[in-house]
Amino acid sequence: MDTFKNIMVAVDFNDSIGELMIFADSLAQKYESKLWVLHVADPEPDFVGYETGPQYIRDLQAEEYREEHRSLQQVCDSFISKEVESDALLIQGSTVSTVLEEAKKLNVDLLIVGTHKHSFLYNLLNESVSMELVKKAEIPMLTIPITE
């Protein structure tokens, strides 16, 4: 593979999102790739076996998802160059499986994720999303160490 036509960057909303986006943007410019920016939101309570409650709870949850999508779009507008074609995606679900399913649907050639530095004991006891993606992904992945 000598080029990446579709690059996906999986993000969460933390302080290091800009660092990750700048790196993804530079790769997308270099390869003239489309950049997919994916944030996986928590699944709806029905999905995980909990009752959602009255309608006002559903309305609040819907507004929260709209706000997350607006924030994601703002991140794209702030960090992605105008010459890079990009789409911001907010999808509900289980993080690892949702990222992998979307990457497959979109024919992603490269998946970019950020990784946090933790101690050996922390890594032993807690499985990170990034490491789980590395184990399960069937496409090339680039992990970017994120400064705390």
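Residues numbered from 1 in each chain as written. Predicted model: local features only at pLDDT ≥ 70, side-chain atom pairs only at ≥ 80, totals over all residues. Heavy atoms only, no water.

**Description of the pattern of salt bridges**
For side chains of opposite charge, pairing can occur when their charged atoms come near one another. Under the definition given, this model contains seven salt bridges. As a salt-bridge pair, R66 and E63 come within 3.0 Å of each other at their nearest N and O atoms. Here R66 and its partner E63 are both found in helix α2 (residues 55-79), three residues apart, which amounts to about one turn of the helix. A residue is classified by how much of its surface remains accessible, and E63, at 36% relative accessible area, is partly exposed. Between R70 and E67 there is a salt bridge; the shortest N-O distance is 3.0 Å. Pair noted here: R70 and E67 are both in helix α2, with a separation of three residues, about one helical turn. Put simply, E63, R66, E67 and R70 are held in one network by salt bridges that share partners. (Salt bridge = Lys/Arg side-chain N within 4 Å of Asp/Glu carboxyl O. Helix = DSSP H or I, 4+ residues; strand = E, 2+ residues; numbered from the N terminus. Buried < 20%, exposed > 50% of the residue type's maximum accessible area, 1.4 Å probe, protein only.)

**Description of the layout of surface pockets**
Its boundaries defined by the atoms lining it, the second largest pocket holds a volume of some 170 Å³. Along the walls of the second largest pocket sit L100, A103, K104, K136, A137, E138 and I139, which together make up its complete lining. No other element matches the three residues that helix α3 (residues 95-105) contributes to the lining of the second largest pocket. Counted by class, the lining of the second largest pocket contains four nonpolar, no polar and three charged residues. (1 Å grid on protein atoms, 1.4 Å probe; cavity = no way out; pocket = protein on both sides within 12 Å on 5 of 7 lines; lining within 4 Å. Points joined across faces, edges and corners; volume = space filled by probe spheres on them. Nonpolar A, V, L, I, M, F, W, Y, C, P; charged D, E, K, R; others polar.)

**A few points about the side chain of H39**
Positionally, H39 belongs in strand β2 (residues 34-41). Within polar-contact distance, the side chain of H39 engages the backbone oxygen of V11 at 3.0 Å. At 3.3 Å, the side chain of H39 forms a polar contact with the side chain of E68. Leaving out residues up to four positions away in the same chain, H39 has contacts with V11, D12, F13, E68, L72, L89, L90 and I91. (Polar contact = N/O pair within 3.5 Å; in protein donor to acceptor, adjacent residues only side chain to side chain. Contact = heavy atoms within 4.5 Å.)

**Some points on the packing of aromatic side chains**
This model, assessed by the stated rule, comprises one aromatic pair. Arranged with centres 5.0 Å apart and planes meeting at 85 degrees, the rings of F4 and Y31 form a pair that is edge-to-face. In this pair, F4 is assigned in the segment before β1 (6-10) and Y31 in helix α1 (residues 17-31), connecting sequence segments 27 residues apart. Classification of F4 by relative accessible area gives buried; the value is 15%. Accessibility expressed as a relative area gives 23% for Y31, which makes it partly exposed. One cation-aromatic arrangement involves K34 over W36; the distance from NZ or CZ to the ring centre is 4.0 Å. (Phe/Tyr/Trp six-rings, centres within 6.5 Å; stacked < 30°, edge-to-face > 60°. Lys NZ or Arg CZ within 6 Å of the ring centre and 35° of its normal.)

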